[in-house]
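# Observations on the model geometry
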Amino acid sequence: MSGGRQLSAAGQGELLSLARESLAAHFAGQPRPALPAEGELAAPGSAFVTLTRRSDHDLRGCIGFIESGRTLAAVVAEASVAAATRDDRFAPVTEAELPELQIDISVMGPLEPIDPEDVEVGVHGLVVQFGSRRGLLLPQVPLEHGWDREQFLEWTCRKAGLPLDTWRKSGCTVQAFTAIVFGEDQTKD
C-alpha cells in the first residue's frame, strides 16, 4: 500500500474543535462553524467520527464519508452531526449528553485493493464489497475486539450484511486503507 495521509498535531486539534463546535451549533440551531479555506484541512479528505460516552465507553454513534470529494474539514463537520443524529444503530444523541461525549476522528488514507492474506490487523481498515452490499470497519476495530485477520474479514462481511465467508468468494472485492486515529482525551496514532 502507498503511504497514508499526513496530518499535523495542530490539524488534529483543529478537527476535534470543529467536530465539537459542529455538534454544539447543531443542537443550538445555529449554522455550522466556518470552515478553513486553505491549509491541510481544506484539502479533500475522508474521515469517520466516533462518539462514545466517557463514563462507560459505550458507542453512541459512528459515521463517516469516503471518497466524497469534499474538504477534510467539511467531512468532519458533517460526520460529527451525522454520528450524533443519523446512526440508526442508536437513539439520537441529546444535547444533555454532549459534555460527556468523547470524540474520536479517523482520517482515512486512500482505498486500495488488497489480497486478504496481506491484511494487517491494527494497520489496515477494510472495505468489503459484493454486489450492491458494502461494509467498512476502521483499523482500530479488530484491536478493540481481539480479532485475528480472518475474523476481521468476516466481521467486515457481516457489517455489509453478507455471509461471513463472502471475502473468499470470486467477485468479492477487498480494499484496505490506513488511518490517523486521534481523540479528545488522547492521541492514538
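Anyway, here's the lowdown on the structure attached to this text.

## Let's talk about the pattern of salt bridges
By the definition in use, this model includes 9 salt bridges. With its nearest N and O atoms 2.8 Å apart, the salt bridge here joins E97 to R60. Taken together, the positions of E97 in the loop between α2 (72–85) and β3 (101–108) and R60 in strand β2 (residues 59–65) put the pair 37 residues apart, joining distant regions of the chain. In terms of burial, E97 and R60 fall into one category: buried. A salt bridge links D87 to R89; the nearest nitrogen and oxygen atoms lie 2.6 Å apart. Exposure remark for D87: the relative accessible area of 8% places this residue in the buried category.

## Quick notes on the packing of aromatic side chains
Aromatic ring pairs are reported here in terms of the distance separating the ring centres and the angle at which the planes meet. All told, the structure shown has 1 aromatic pair when counted by the stated rule. Between R70 and the ring centre of F65, over which it is positioned, the NZ or CZ distance is 5.0 Å.

## Structural notes on helix α4 (residues 149–159)
Of all the positions in α4, only F152, L153, T156 and C157 are classed as buried. The arc that holds the buried residues of α4, viewed along the axis, is 140°, so those residues lie on one side. For α4, the side-chain oxygen to backbone nitrogen distance between the N-cap and E150 is 3.2 Å, and the N-cap itself is D148. One or two positions beyond α4, positive phi appears at G161, with a value near 80°.

## Brief notes about the nonpolar core
Across soluble globular proteins, nonpolar side chains have a tendency to be buried as a group. Within the largest apolar cluster, 29 residues are counted, with the highest numbers of intra-cluster contacts made by L15, L51 and I105. Considering every element that reaches this core, the biggest residue donor is α2, with 9 residues. Leaving out residues up to four positions away in the same chain, L15 has contacts with L7, L41, L72, A73, V76, I105, V107 and F182. Grouped together as the second largest cluster of nonpolar side chains are 24 residues, V119, L136, F152 and V174 included.

Thresholds applied
Residues numbered from 1 in each chain as written. Predicted model: local features only at pLDDT ≥ 70, side-chain atom pairs only at ≥ 80, totals over all residues. Heavy atoms only, no water. Salt bridge = Lys/Arg side-chain N within 4 Å of Asp/Glu carboxyl O. Helix = DSSP H or I, 4+ residues; strand = E, 2+ residues; numbered from the N terminus. Buried < 20%, exposed > 50% of the residue type's maximum accessible area, 1.4 Å probe, protein only. Phe/Tyr/Trp six-rings, centres within 6.5 Å; stacked < 30°, edge-to-face > 60°. Lys NZ or Arg CZ within 6 Å of the ring centre and 35° of its normal. Arc of directions from axis to C-beta. Polar contact = N/O pair within 3.5 Å; in protein donor to acceptor, adjacent residues only side chain to side chain. Core = buried A, V, L, I, M, F, W, Y, C linked by side-chain atoms within 4.5 Å. Contact = heavy atoms within 4.5 Å.

By themselves, these observations are geometric and do not establish any function.
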